[in-house]
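Chain residues, written in single-letter form:
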Amino acid sequence: MRLIYAGVLDLRTDEAYYWSWSKESVLSFLDHPPAIAWLIRFGTAIFGDTTTGVRFSGIVAMLVTQLLLADIVRRVTHDMRAVIFAVLMPEAALYYGLLMAKVAPDTAMIPFAVAMLWSLVRLHESGNPRWWLAAGLFAGLALLSKFTAIMLLPAVAAFVLVPDWRRRWLLSSYPWRAALIAVIVFSPVLIWNAQHDWASFRFQFVRAVADRQFSLRTVGEFIGMQFGLVGFVLLPVVLFGVTLTAWRGYRTREPVAILLSTAVLVPFLYFLWKSLTLRVGDTWPMFLWPAGFAATAINLVMLSKEGVSERMIKSTFRWARVAVVSGIGFVVGVFFYYLAAPWNLIGRTDPVGAEAGYEQVVVRAREQLRATGATWIATSDYRTYAMLRWHFNGQVPVVQINERGRFQGFRDPGMDLIKDHPGLYVGREPDHRLPLWNLTTAKRQPLERVERIWRGTVMDTYALEKLTGWTPELAPPPDSPLFRWRVLAGVLERDAVAS
């Protein structure tokens, strides 16, 4: 199903954006570290610039994650039932059962983060300190995929400090060697940021501390999203299993239980707190639940070893089975809805439909390029830029004229076809009315409006305009409004729309 999904469904805008990164030769990017671009380049080297090629790394990441979870649970429990549950629970969660085929920095980070946890489980099992070095390597790779990997640090700290072995590891050089390895692996991001005024770190810090008002709506969205993406039955089952694992681990100072439960609870509670004032992205919590699946599978076995009543053990296994069966059924239903159903049941808020139908815009853009003699395309938001670059794939230069901080170090898009040539502006309304146009000498001639439609619903409207008398500046000064990203500039999206 994931392979079919990867090959048939159009890329979403973020996926096309990350694909555009894979065509560049830079150490890192403003939005995220570079691992996702490298993995996409690996997939497209095998399958070409196809949706399967772009998403291939997500397919592999899911398989690797499941194998690691199975081995963690096998080593802790030596119980095949628990191993099977550990493999099936990700399949029963929409996050992983289907959406691991949607490539994102999170899908790159997940197998590395789980591999770090697996290395620490091997450390506990064998007592061999060299497993610290493997953990450091995978931690560095996880950070090289997405900054949120740092949220696993409290779990590692608790794994070291709470059990009785804390003195051994605090006096050992191996944890510090592991930290050094992680920093070395992460060094491309550090080097890029040192060369670019620490732009990635400043951007993430601004997003983390931005002052926003309390909102019950964003809390409800976060909780509802976790029910939908983890599972309406599976989410309570996992939270129950993780909570019991945490209680058992901290009560008995058991290292693996402490590691797995803390790896879930600390990030989950942080995102729950942030949701009080901020809309949490759909993929942000994606990295924490695999540890929860392992903890839940282990808990199924540990209950029978703790003198818990037979009734509670049977009830726990029954709910786990219901969660897996109902979750897989839901994933299959969503798969057929997007690949075979003709309806749009959610309207403009549909997460796939909201980013589908760009072919309609591309067809009209091609027609206007021929009619006007334009030789390049301008956009003013990264989503439109990414989708146009994906569909034209080098046939026509595509330039986002603003937010140039996103494109530091990128190659020449084709200035010989841009300079002193007419261009075609393709902008999502109302972005075509942004005041940034007042900073240019461009003469704009309105051509037409194009609706992007998915299953009968208008998702967006785009303005097409002919541009003359202006050449975009690819590297404006950092204090220019054409360089700054809106969030970095302190301007929220709603303010930009209002303007």
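Residues numbered from 1 in each chain as written. Predicted model: local features only at pLDDT ≥ 70, side-chain atom pairs only at ≥ 80, totals over all residues. Heavy atoms only, no water.

A.B. asks: Got a minute to help me understand the packing of aromatic side chains in this structure?
C.D. replies: The geometry of an aromatic ring pair is captured by the separation of the ring centres together with the interplanar angle, meaning the angle of the planes. Counting across every chain of the model gives 34 aromatic pairs. The interplanar angle of 85° and the centroid separation of 5.0 Å between the aromatic rings of tyrosine 425 and tryptophan 437 together place this pair among those described as edge-to-face. Pair noted here: tyrosine 425 is in strand 3 (residues 423–428) and tryptophan 437 is in the loop between strand 3 and strand 4 (443–454), with a separation of twelve residues, a long-range link. A relative accessible area of 0% places tyrosine 425 in the buried class. (Phe/Tyr/Trp six-rings, centres within 6.5 Å; stacked < 30°, edge-to-face > 60°. Helix = DSSP H or I, 4+ residues; strand = E, 2+ residues; numbered from the N terminus. Buried < 20%, exposed > 50% of the residue type's maximum accessible area, 1.4 Å probe, protein only.)

A.B. asks: What am I meant to see in the side chain of glutamine 408 here?
C.D. replies: Among the secondary structure elements, glutamine 408 is positioned in the loop between strand 2 (398–400) and strand 3. A polar contact of 2.9 Å, which involves the side chain of glutamine 408, links it to the backbone oxygen of glycine 405. What glutamine 408 contacts, discounting residues up to four positions off in sequence, is Val26, Trp192, His196, Ala199 and Phe483. (Polar contact = N/O pair within 3.5 Å; in protein donor to acceptor, adjacent residues only side chain to side chain. Contact = heavy atoms within 4.5 Å.)

A.B. asks: Even after reading the chapter, I still don't get the sheet that holds strand 5 (residues 457–468), so can you show me in this structure?
C.D. replies: By way of backbone hydrogen bonds, the strands of a sheet pair with one another, either parallel or antiparallel. The five strands are arranged 2-1-3-5-4 in an open sheet whose pairing can be described as mixed. A strand with exactly one partner marks an edge of an open sheet, and here the two such strands are strand 2 and strand 4. On average, each strand axis in the sheet is inclined to that of its neighbour by 25°, with strand direction left out of account. Relative to strand 5, strand 4 is paired through eleven bridges, and the arrangement is antiparallel. The partner of glutamine 445 across the bridge, within strand 5, is lysine 466. (Pairing = 2+ DSSP bridges. Axes fitted to C-alpha atoms, helices over the stretch in contact; angles between N-to-C directions.)

A.B. asks: So what exactly am I meant to see when it comes to the pairing of strand 5 here?
C.D. replies: Across a regular strand the side chains alternate sides, sitting on one face of the sheet and then on the other. Among the twelve residues that make up strand 5, nine are buried, leaving the element largely enclosed by the rest of the structure. Here strand 4 hands over to strand 5 after two residues, with arginine 455 in that stretch at a positive phi of 50°.

A.B. asks: Sorry, what's going on with the environment of proline 397 here?
C.D. replies: Turning to its location among the elements, proline 397 is positioned in the loop between helix 19 (382–392) and strand 2. With residues near it in sequence (within four places) discarded, proline 397 still touches Thr375, Trp376, Ile377, Pro413, Gly414, Leu417 and Ile418.

A.B. asks: Just to check I follow, could you spell out the pattern of salt bridges for this structure?
C.D. replies: Opposite charge on two side chains lets them pair, provided their charged atoms get close. Tallying each qualifying case throughout the model produces 25 salt bridges. The shortest N-O distance in the salt bridge between aspartate 31 and arginine 406 comes to 2.8 Å. Residue aspartate 31 is located in the loop between helix 2 (13–22) and helix 3 (35–47), and its partner arginine 406 is located in the loop between strand 2 and strand 3; the two are separated by 375 residues in the primary sequence. Each member of the pair, aspartate 31 as well as arginine 406, carries the same accessibility label: buried. For arginine 279, the salt bridge goes to glutamate 221, with nearest N and O atoms at 3.8 Å. Here glutamate 221 lies in helix 13 (residues 216–230) and arginine 279 lies in the loop between helix 15 (255–274) and helix 16 (289–304), a separation of 58 residues in the sequence. The partly exposed category is assigned to glutamate 221, whose relative accessible area is 31%. When salt bridges that share partners are traced, they join Asp71, Arg74, Arg75, Arg122 and Glu125 into one network. (Salt bridge = Lys/Arg side-chain N within 4 Å of Asp/Glu carboxyl O.)

A.B. asks: Any chance you could explain the nonpolar core here in plain terms?
C.D. replies: A general tendency of soluble globular proteins is for nonpolar side chains to be buried together. Tyr96, Trp132, Leu234, Leu260 and Trp289 are the most contacted members of the largest nonpolar core, which has 109 residues in total. Residue contributions to this core peak at twelve residues, all from helix 7 (residues 105–126). With residues near it in sequence (within four places) discarded, leucine 234 still touches Met89, Ala92, Ala93, Phe293 and Ala323. (Core = buried A, V, L, I, M, F, W, Y, C linked by side-chain atoms within 4.5 Å.)

A.B. asks: Looking at this model, I keep getting lost on the confidence of the model for the protein chain. Mind explaining?
C.D. replies: Caution is warranted with low-pLDDT regions, since their predicted coordinates should not be read in detail. Taken residue by residue, the protein chain gives an average pLDDT of 93. The fraction at 70 or more is 96%. Across the protein chain, element-level confidence peaks in helix 8 (residues 131–143) with a mean pLDDT of 98 and bottoms out in helix 20 (residues 493–498) with 36. In the predicted structure, residues 488–499 sits below a pLDDT of 50 and forms 14 contacts with residues beyond four places in sequence or in another chain. (pLDDT = per-residue confidence, 0-100.)

A.B. asks: Is there a simple way to explain helix 19 in this structure?
C.D. replies: Three or four residues apart is the spacing at which side chains of an α-helix point the same way, because the helix has 3.6 residues per turn. Counting buried positions along helix 19 gives nine out of eleven residues, so the element sits mostly inside the fold. Looking at helix 19, one finds that the buried residues are Tyr382, Thr384, Tyr385, Ala386, Met387, Leu388, Arg389, Trp390 and Phe392. Just beyond helix 19, the residue with positive phi is asparagine 393, at close to 45°.

A.B. asks: Looking at this model, I keep getting lost on the environment of proline 33. Mind explaining?
C.D. replies: With respect to the helices and strands, proline 33 occurs in the loop between helix 2 and helix 3. For proline 33, a relative accessible area of 0% puts it in the buried group. In this structure the C-alpha to C-alpha distance between proline 33 and leucine 143, which are 110 residues apart in sequence, comes to 7.6 Å. When near neighbours in sequence (up to four residues on either side) are disregarded, proline 33 contacts Trp21, Ser28, Leu143, Leu144, Ser145, Lys146, Phe147 and Val189.

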